[in-house]
Amino acid sequence: MKAAAAGYIRANDLPHAISLLEQSRGEARILAGGQSLIASLNLRLAGETALIDINGVAELSGIELVGEQLRIGALTRHRELASSDLVARHVPAIAQAAPLIAHAAIRNRGTIGGSLAYADPAAELPACMLALDAQIVVRGPAGERRVRAGDFFVDLFTTDLAEDEMIVAVEVPVAVAGERQATMELARRSGDYALAGIVLVDRPSGVRAAFFGVGPTPILATGAMAAIDRGASPDEAAALLEGDLQPLDDVHAPAAVRLHLARVLLRRALAATRS
Amino acid sequence: MAEVSMVVNGRTVTRTVEDRTLLVEFLREGLGLTGTHVGCDTSQCGACVVHVDGKAVKSCTMLAAQASGSDVTTIEGLASGGELHPVQAAFKEHHGLQCGFCTPGMIMAAVDMIARHGGGALDEATIRAELEGNICRCTGYHNIVKAIAAASETMAGMKTAAE
């Protein structure tokens, strides 16, 4: 089907992009990699909308170490996340997540900012941000603000972004000595959205386990995390996931299956970080 | 409307298109390059894979306007001087197709795959994992995998010979 786009404009730089967004009064959307947005325009799931193309905005690209944080520009492609030495060394959960996203041709275009703004509950990167306690750097006409991942993902496909704001980067705390991270998922077919997935950040100071595909947003399994920190076994912690997660019945799998898969993943991820 | 200008298979083309025109529509309907196919137009099937600035993309999920200023290669641009590209030759040799609908996307994805892995010979597991974004409903993939493995060996040999 023909895409339902009503207007296209390229932003020259970040102030231009913000100004276009402000002028559109909620009628325009930011076009980054377009790997979900264009498909939904083709399917007419997204209504007629003007597109502000930010692919030429150089200041949104790049990965750099800033103190104890890895700053990843919003336009960074999944392929770059998968092949970056800085990501592999400092936030291995993201390096493990990137190859799980869709297919190679999609990873060549899709961006981290786009994935976070879209906020698909079964997507890998929002759960990475939550598990890693990252900050999302967003900018609008009033300036820049930082939102912790735990406050950013509000509901199904809904974030804390105002209609005149866009993501410019994420700032992710780097792994400390002795920290282990694991990202795993279970999908029916390679490249599909996960039926359930986990990002486990196993720090000497405590564990953080974020699940995806088992609720309207990525979810921190606080009950299981506290149990693990108290020395509970993986089986005991997995039993607590029923209270932590909110899987839904849908056409892909019943809630009970998703909960079962989440338990399997928690045991596997703990085995990986504590082996 | 947007004026787009890009290099397609070595030729500079300039056209005025609707803002919403997908790259694949531009290639097929604007330029008559119907080798690039549309299977799903939602980036699942891979029939529309082309290369934009040397990287495989699904041309149903990119606007023509976004590709303005880029260098685009389609299946029609792979052969040189009447000589098939090694991946095309291998698909022919190993009969890596039946109806042929998915073949242009398979070949463009395979060329990208071989390049991304450094141009060396690829094993079966790698090829099968990499083909997750290209769907074939006829062959069961077996001959496609054989063709890509053979092409990657040929191209690794060519690379070694050139060094």
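Residues numbered from 1 in each chain as written. Chains lettered and ligands numbered in written order. Predicted model: local features only at pLDDT ≥ 70, side-chain atom pairs only at ≥ 80, totals over all residues. Heavy atoms only, no water.

Chemist: Explain the overall build of chain B to me, please; I cannot follow it from the model alone.
Modeler: Of regular secondary structure, chain B possesses five helices and five strands. Starting at the N terminus and walking to the C terminus, you meet the elements of chain B as β-β-α-β-β-β-α-α-α-α. Computed over the C-alpha atoms, the radius of gyration of chain B is 16 Å, within 12% of the 15 Å expected from 2.2 N^0.38 for a compact globule of 163 residues. A principal-axis box enclosing the C-alpha atoms of chain B has dimensions of 45 × 35 × 25 Å. Within chain B, the proportion of its 163 residues that are buried is 54%. Summarising the internal contacts of chain B: among those between residues at least 6 apart in sequence, 56% fall at separations of at least 24. When the accessible area of chain B is evaluated, it comes to approximately 7,000 Å², of which 50% is carbon and sulfur surface. Side chains of chain B give 12 positive and 18 negative charges; the mean places of these two sets differ by 4 Å. (Helix = DSSP H or I, 4+ residues; strand = E, 2+ residues; numbered from the N terminus. Rg over C-alpha atoms; globule rule 2.2 N^0.38 Å. Buried < 20%, exposed > 50% of the residue type's maximum accessible area, 1.4 Å probe, protein only. Contact = heavy atoms within 4.5 Å. Areas by Shrake-Rupley, 256 points an atom, 1.4 Å probe, with all protein chains shown as cover. Lys, Arg positive; Asp, Glu negative; His and termini not counted. Charge placed at Lys NZ, Arg CZ, Asp CG, Glu CD.)

Chemist: Explanation requested: the nonpolar core in the structure shown.
Modeler: Soluble, globular proteins show a tendency: their nonpolar side chains are buried together. In this structure, Ile94, Leu116, Met129 and Val172 of chain A are the most contacted members of the largest nonpolar core, which totals 40 residues. Structurally, this core is a two-domain feature, drawing no fewer than three residues from each of domain 2 (61-173) and domain 3 (181-273) of chain A. Setting aside residues no more than four positions away along its own chain, Ile94 of chain A makes contact with Ile72, Leu81, Val87, Leu125, Cys128, Met129, Leu132 and Val172 of chain A. Within the second largest apolar cluster, 31 residues are counted, among which are Ile38 of chain A together with Cys48, Ala65 and Val72 of chain B. (Core = buried A, V, L, I, M, F, W, Y, C linked by side-chain atoms within 4.5 Å. Domains from an automatic or database assignment.)

Chemist: Help me understand the pairing of strand E12 (residues 196-203) of chain A in this model?
Modeler: Residues and elements named next belong to chain A. Extensive coverage of E12 is indicated by the burial of eight of its eight residues. Inspection of the sheet shows strand E11 (residues 180-186) paired to E12 by seven bridges, in the antiparallel sense. Bridging from a neighbouring strand, Met184 pairs with Ile198 of E12. What sits between the antiparallel neighbours E12 and strand E13 (residues 206-212) is a turn of two residues. (Pairing = 2+ DSSP bridges.)

Chemist: Explanation requested: the domain arrangement of chain B in the structure shown.
Modeler: By a widespread convention, an interface's size corresponds to the accessible area lost as its parts come together. Residue and element names in this part refer to chain B. As far as domains go, chain B holds domain 1 (2-77) and domain 2 (86-162). Computed over C-alpha atoms, the centres of domain 1 and domain 2 are 22 Å apart. In this complex, domain 1 contributes 17 residues to the contact, which on the side of domain 2 involves 13 residues. Of the roughly 1,100 Å² buried between domain 1 and domain 2 on both sides combined, carbon and sulfur atoms contribute 63%. The largest per-residue losses of area from domain 1 upon contact with domain 2 belong to His37, His51 and Ile75, which jointly make up 42% of the total buried on that side. Our enumeration of links across domain 1 and domain 2 arrives at zero salt bridges. Inspection of the region where domain 1 meets domain 2 yields seven residue pairs in polar contact (both at pLDDT 80 or more). At the level of secondary structure, the elements contributing two or more residues to the side of domain 1 that touches domain 2 comprise strand E3 (49-52) and strand E4 (55-58). In terms of residue count, the dominant contributor to the side of domain 1 that touches domain 2 is E4 (three residues). (Buried area = accessible area lost by both parts, 1.4 Å probe. Salt bridge = Lys/Arg side-chain N within 4 Å of Asp/Glu carboxyl O. Polar contact = N/O pair within 3.5 Å; in protein donor to acceptor, adjacent residues only side chain to side chain.)

Chemist: Explanation requested: the domain arrangement of chain A in the structure shown.
Modeler: Entries for chain A in the domain assignment read domain 1 (8-51), domain 2 (61-173) and domain 3 (181-273). For domain 1 of chain A versus domain 3 of chain A, the distance between C-alpha centres works out to 34 Å.

Chemist: What is the right way to look at the sheet that holds strand E2 (residues 11-17) of chain B in this model?
Modeler: One key point about sheets: their strands pair by backbone hydrogen bonds, in either a parallel or an antiparallel sense. Residue and element names in this part refer to chain B. An order of E2-E1-E5-E3-E4 is seen for the five strands of this open sheet, with the pairing classed as mixed. Since the sheet does not close on itself, it has two edges, and those belong to E2 and E4, each with one partner. Each neighbouring strand pair of the sheet contributes to a mean axis angle of 40°, computed without reference to strand direction. (Axes fitted to C-alpha atoms, helices over the stretch in contact; angles between N-to-C directions.)

Chemist: Hey, could you run me through the side chain of Gln181 of chain A in this one?
Modeler: Residue and element names in this part refer to chain A. Mapped onto the elements of the fold, Gln181 is located in strand E11. At 2.8 Å, the side chain of Gln181 forms a polar contact with the backbone nitrogen of Ala93. Reaching out from Gln181, the side chain makes a polar contact with the side chain of Glu179 at a distance of 2.7 Å. Aside from chain neighbours lying at most four places away, what touches Gln181 is His90, Val91, Pro92, Ala93, Gln96, Leu132, Ala175, Leu200, Val201 and Thr273.

Chemist: Mind showing me how you'd approach the sheet that holds E13 of chain A here?
Modeler: All names here are of chain A. Strand order across the open sheet formed by four strands is E11-E12-E13-E14, with antiparallel pairing between neighbours. Both edges of this open sheet fall to E11 and strand E14 (219-220), since each of them pairs with a single strand only. The pairing of E12 with E13 spans seven bridges and is classified as antiparallel. The residue of E13 that forms the bridge with Ile198 is Phe211. Its contacts with the sheet put helix H8 (residues 124-132) on E11, E12, E13 and E14, and the angle it makes with E13 is roughly 160°. In this fold helix H10 (residues 222-229) packs onto E13 and E14, with an angle of close to 155° to the strand it touches most, E13.

Chemist: Whenever I open this one, the environment of Ala169 of chain A confuses me. Can you help?
Modeler: Note on placement: Ala169 of chain A falls in strand E10 (residues 166-173). Setting aside chain neighbours within four positions, we find Ala169 of chain A in contact with Arg71, Ile72, Gly73, Ala74, Gln135, Ile136 and Val137 of chain A.

Chemist: It is not clear to me how H10 of chain A should be interpreted in this structure. Could you clarify?
Modeler: Structural remark: α-helix, 3.6 residues per turn; residues separated by three or four positions point the same way. All names here are of chain A. Within H10, burial applies to Ala224, Met225, Ala227 and Ile228. Axial view of H10: buried residues confined to an arc of 165°, hence all on one face. Looking at the buried side of H10, the elements it contacts are E13, E14, helix H11 (234-239), helix H12 (241-244) and helix H13 (255-273). Of the residues trailing H10, Gly231 is marked for its positive phi of about 100°. (Arc of directions from axis to C-beta.)

Chemist: Would you explain the pairing of strand E6 (residues 135-140) of chain A in this entry?
Modeler: Sheet faces and side chains relate simply in a regular strand, where the side chains alternate between the two faces. Residue and element names in this part refer to chain A. Where E6 meets strand E7 (residues 143-148), six bridges bridge the pair, whose relative direction is antiparallel. Bridge pairing in E7 links Gly140 to Gly143. Here E6 hands over to E7 after two residues, the two strands then running antiparallel side by side. In this structure, E6 lies alongside E10, joined through five bridges in antiparallel fashion. From the neighbouring strand, Val138 faces E10, where its bridge partner is Ile167.

Chemist: Mind showing me how you'd approach the packing of helix H2 (residues 86-93) of chain B against helix H3 (residues 103-116) of chain B here?
Modeler: If you want to describe how two helices pack, look at the angle between their axes and the distance between the axes. Residue and element names in this part refer to chain B. Closest axis-to-axis distance for the H2/H3 pair is 9 Å, and the angle between their directions is 125°. What the angle tells us is that H2 and H3 run oblique. When you trace H2 past H3, the crossing you get is right-handed. Here Val87, Gln88 and Phe91 of H2 lie close against H3, whose contacting residues are Thr103, Met106, Ile107, Ala110, Val111 and Ile114. Of the residues assigned to the contact of H2 with H3, the class counts are seven nonpolar, two polar and no charged. (Parallel < 35°, antiparallel > 145°, perpendicular 65-115°, else oblique. Left-handed = near helix turned anticlockwise from the far one by under 90°. Nonpolar A, V, L, I, M, F, W, Y, C, P; charged D, E, K, R; others polar.)

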